[in-house]
Amino acid sequence: MPNQADLPQKIDNKYLTLIYKKNGSFDKQRKRLLANFKTSQTHSNLLLKLKLMVESKIKADPSILMKNKGKMAALIQGEIISNNSGSNILDIVDKDIQEKIIDSPEFHDSLKVELKDIRRKALGISDEDYAKQLDEEAKAQKEEAERKQREQAEKELAYKNNFKVKQLAAPPRQARPPRFNLPTRERDSYRGRANNGRHTDRYERPGSSQQWSHDDRNGRPSSSHMMY
């Protein structure tokens, strides 16, 4: 247990950053990220774009090959920074940094672990006590995750039950009789039979406005409408 007089007066973000750099953690993290980048597909794509850009510059101006390496490197560097070729080479690196560092939860978690360890050492917390503290935090996180899962399951179950209740409470649908679209003559015939049981089809003589009806009961035309 360190002496209280040896402990810093104020442990804030500035202090943690200072210790993180002084104890070599920053350099270790930088080398680790660079090593991971060199083995990534992004690194291969970057080299390919650089190769295509250099070949294009040499094809446009072969005299570049006559210059020394320092001038040639400066020329290529200026081309990359100014982005005159429209190759967007730096965008490849920026995207990789954004995905694997700035927006990476895994990287943030690893950095938090290192900073927490620096902080507990600055506070004089022993390894044994810190291990217990980490176990308690892990247990609390597990309980919180389980609680959220239970709440989500309860919400889904309540939604399903509410849906079933609405289905049961809804009035049953009544079946409607089928509707048939009959031709005009058959529909009129059906209506005629419904009129006192008589068939009263009416027929119009071609070229005439006169009509005659057929009496189903005696099987002969009505005398009042018989045409000669």
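Residues numbered from 1 in each chain as written. Predicted model: local features only at pLDDT ≥ 70, side-chain atom pairs only at ≥ 80, totals over all residues. Heavy atoms only, no water.

As annotated in an unreviewed UniProt entry, the protein carries the name BOD1/SHG1 domain-containing protein and is attributed to Candidozyma pseudohaemuli.

Q: Mind showing me how you'd approach empty space enclosed by the protein here?
A: Unfilled space is identified by rolling a water-sized probe across the atoms. Considering all chains together, one arrives at one cavity of 30 Å³ or more under this definition. Approximately 60 Å³ is the volume found for the largest cavity. Met53, Val54, Lys57, Ile58, Ile64, Met72, Leu75, Ile76 and Glu79 are the residues that line the largest cavity. At the level of secondary structure, the elements contributing two or more residues to the lining of the largest cavity comprise α3 (41-60) and α4 (69-82). (1 Å grid on protein atoms, 1.4 Å probe; cavity = no way out; pocket = protein on both sides within 12 Å on 5 of 7 lines; lining within 4 Å. Points joined across faces, edges and corners; volume = space filled by probe spheres on them. Helix = DSSP H or I, 4+ residues; strand = E, 2+ residues; numbered from the N terminus.)

Q: What's the story with the nonpolar core in this structure? I'm lost.
A: If you look at soluble globular proteins, the nonpolar side chains tend to sit buried side by side. The biggest cluster of nonpolar side chains holds five residues, and these are Phe37, Leu46, Met53, Ile80 and Ile89. The residues touching phenylalanine 37, leaving out its near neighbours within four places in the chain, are Thr42, His43, Leu46 and Asp96. (Core = buried A, V, L, I, M, F, W, Y, C linked by side-chain atoms within 4.5 Å. Buried < 20%, exposed > 50% of the residue type's maximum accessible area, 1.4 Å probe, protein only. Contact = heavy atoms within 4.5 Å.)

Q: Would you take a moment to explain the pattern of salt bridges for this structure?
A: Opposite charge on two side chains permits them to pair, given that their charged atoms come into close proximity. Overall, the coordinates contain eight salt bridges when judged by the stated rule. Measuring nitrogen to oxygen at the nearest pair gives 2.6 Å for the salt bridge that ties aspartate 127 to arginine 120. Taking the relative accessible area as the measure of exposure, aspartate 127 reaches 55% and is therefore exposed. The closest approach of N and O atoms between arginine 147 and glutamate 151, which form a salt bridge, is 2.4 Å. Of the two residues, arginine 147 and glutamate 151 are both situated in helix α7 (residues 127-169); the distance of four residues between them amounts to about one turn of the helix. Looking at glutamate 151, the relative accessible area reads 34%, which means it is partly exposed. Within the structure, one salt-bridge network assembled from shared partners comprises Asp117, Arg120, Lys121 and Asp127. (Salt bridge = Lys/Arg side-chain N within 4 Å of Asp/Glu carboxyl O.)

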